[in-house]
Amino acid sequence: MRDVVAGYGGQPILHGVSLAVGTGETLVVVGPNGSGKSTLMKTAVGLLSPFSGHILLGDADVTGLGAPGRAARGLAYVPQEANVFRNMTVLENLTVGYEFTADRARAAFADRLDAVLDLFPEIRARLRHMAGHLSGGQRQMVAMAAALMPQPSVLALDEPSAGLSPRNAESLFAIIGRIAASGVTLLIIEQNTRLGLGAADRGIVLVSGRIRLDAPAADLLANPDIRHLYLGGA
Ligand SMILES: Nc1ncnc2c1ncn2[C@@H]1O[C@H](COP(=O)(O)OP(=O)(O)OP(=O)(O)O)[C@@H](O)[C@H]1O
Ligand SMILES: [Mg+2]
């Protein structure tokens, strides 16, 4: 993202945000509620057009391309809320994820399904269940699995651990670590600063729509100011 100004109804929320996620890198964005994290992600994935600035995917300027166009170029997104079709089965959700980007080269459906379910053993046993009947943690897994079906090169996750118990959040981040290790580039917004930065290469602190800090995740975790502001001073 280069000098992105974006918001709603003509009112800017992001005031000139520039950031880069390297190929294969995991970047985690943290910041207080309302600081513009979801707005940043919606702009990155093409659901919100910036007032000014540019979005690049690889070497291509995709600022004028909507979310479907960016998905066809290998960008997948799991929103903070309403990220599964609740009245469809788990298998149907994964099928939609696969078929949505039909113009994208990827493995055959059965092979892809198998590879994705290897990451999420808990949902393999529940393929015929309605997504809306699953627990919050299982639903989050279905959302991530559906996003992975088209074999994206970049995966954007908005607050993957929201609403999960500490134990479930840790399990989910263990899976995120495996996704990262498979070479997928990750852009993650995470309210659990310790967990998010612990899984990241780099971290960004967004405050009031501006990047306050952009540094190696380990440095941010070791920074007493960050600890004080976002880790409850622990
Ligand atoms: N669709 C919208 N229309 C108008 N204002 C919006 C809309 N979505 C978000 N906002 C406003 O933009 C600001 C930033 O919201 P955003 O959702 O980006 O924050 P966030 O950092 O993701 O917060 P949280 O940690 O609570 O998820 C807030 O003041 C919010 O009220
Ligand atoms: Mg948000």
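Given the structure is predicted, the values throughout are model-derived calculations rather than measurements.

1. Things to note about the coordination of the magnesium ion (ligand 2)
Note on the magnesium ion (ligand 2): its protein donors are Ser38 (OG) and Gln80 (OE1). The metal-donor distances range over 2.1 to 2.3 Å. Of this pair, Ser38 sits in helix 1 (residues 37-45) while Gln80 is found in the loop between strand 7 (75-78) and helix 3 (90-100), placing the two residues 42 residues apart along the sequence. Look at Gln80 and you get partly exposed, because its relative accessible area is 33%.

2. Topic: the packing of helix 3 against helix 4 (residues 109-119)
One can describe the packing of helix 3 onto helix 4 by two numbers: an axis separation of 11 Å at closest approach and a directional angle of 120°. For the crossing formed where helix 3 meets helix 4, the hand is right-handed. Of the residues in helix 4, those touching helix 3 at Leu91, Leu94, Thr95 and Tyr98 are Phe109, Arg112, Leu113 and Leu117. Within the contact of helix 3 with helix 4, the residues separate by chemical class into six nonpolar, one polar and one charged.

3. Some points on the site of ligand 1
Lining the immediate environment of ligand 1, one finds 13 residues, of which Asn33, Gly34, Lys37, Ser38 and Thr39 sit closest. Gly34 places a main-chain nitrogen or oxygen 2.8 Å from an oxygen atom of ligand 1. The backbone of Gly36 places a nitrogen or oxygen atom 3.0 Å from an oxygen atom of ligand 1. Computed on the free molecule, ligand 1 has an accessible area of 640 Å², of which 59% lies beneath the protein chains in the complex. No other element matches helix 1, which puts four residues into the shell around ligand 1. Per-class residue counts for the shell around ligand 1 are three nonpolar, seven polar and three charged.

4. Brief notes about the sheet that holds strand 11 (residues 210-216)
Taken in spatial order, the six strands of this open sheet run 7-8-9-3-10-11, and their pairing is mixed. Each edge of the open sheet is held by one strand with a lone partner, namely strand 7 and strand 11. For this sheet the average axis-to-axis angle between neighbouring strands, irrespective of direction, equals 15°. Note that strand 10 (residues 202-207) and strand 11 share six bridges and pair antiparallel. Its bridge partner being in strand 11, Leu206 is matched across the sheet by Ile211. Sitting on the sheet, helix 7 (residues 166-181) touches strand 3 (26-30), strand 8 (154-158) and strand 9 (185-189), and the angle it makes with strand 9 is about 150°.

5. Structural notes on the side chain of Thr26
Within the secondary structure, Thr26 is located in strand 3. A relative accessible area of 2% places Thr26 in the buried class. Discounting residues that sit within four places of it in the chain, Thr26 has contacts with Ala180, Leu186, Ile188, Ala199, Ala200, Asp201 and Arg202.

6. Points about the sheet that holds strand 1 (residues 2-8)
On the basis of which strands lie adjacent, the open sheet formed by three strands has the order 2-1-4 and antiparallel pairing. The open sheet is flanked by strand 2 (11-17) and strand 4 (52-54), the only strands paired with a single partner. Averaged over all neighbouring strand pairs, the angle between strand axes comes to 30°, with direction disregarded. Direction of pairing for strand 1 relative to strand 2: antiparallel, over a ladder of five bridges. Looking at the pairing, Gly7 lines up with Pro12 of strand 2. Across the sheet, helix 1 is in contact with strand 1 and strand 2; its angle to strand 2 comes to roughly 75°.

Criteria and cut-off values
- Residues numbered from 1 in each chain as written.
- Chains lettered and ligands numbered in written order.
- Predicted model: local features only at pLDDT ≥ 70, side-chain atom pairs only at ≥ 80, totals over all residues.
- Heavy atoms only, no water.
- Donors = N, O, S within 2.8 Å, 3.2 Å for Na, K, Ca; no water.
- Helix = DSSP H or I, 4+ residues; strand = E, 2+ residues; numbered from the N terminus.
- Buried < 20%, exposed > 50% of the residue type's maximum accessible area, 1.4 Å probe, protein only.
- Axes fitted to C-alpha atoms, helices over the stretch in contact; angles between N-to-C directions.
- Left-handed = near helix turned anticlockwise from the far one by under 90°.
- Contact = heavy atoms within 4.5 Å.
- Nonpolar A, V, L, I, M, F, W, Y, C, P; charged D, E, K, R; others polar.
- Near = heavy atom within 4 Å.
- Polar contact = N/O pair within 3.5 Å; in protein donor to acceptor, adjacent residues only side chain to side chain.
- Areas by Shrake-Rupley, 256 points an atom, 1.4 Å probe, with all protein chains shown as cover.
- Pairing = 2+ DSSP bridges.

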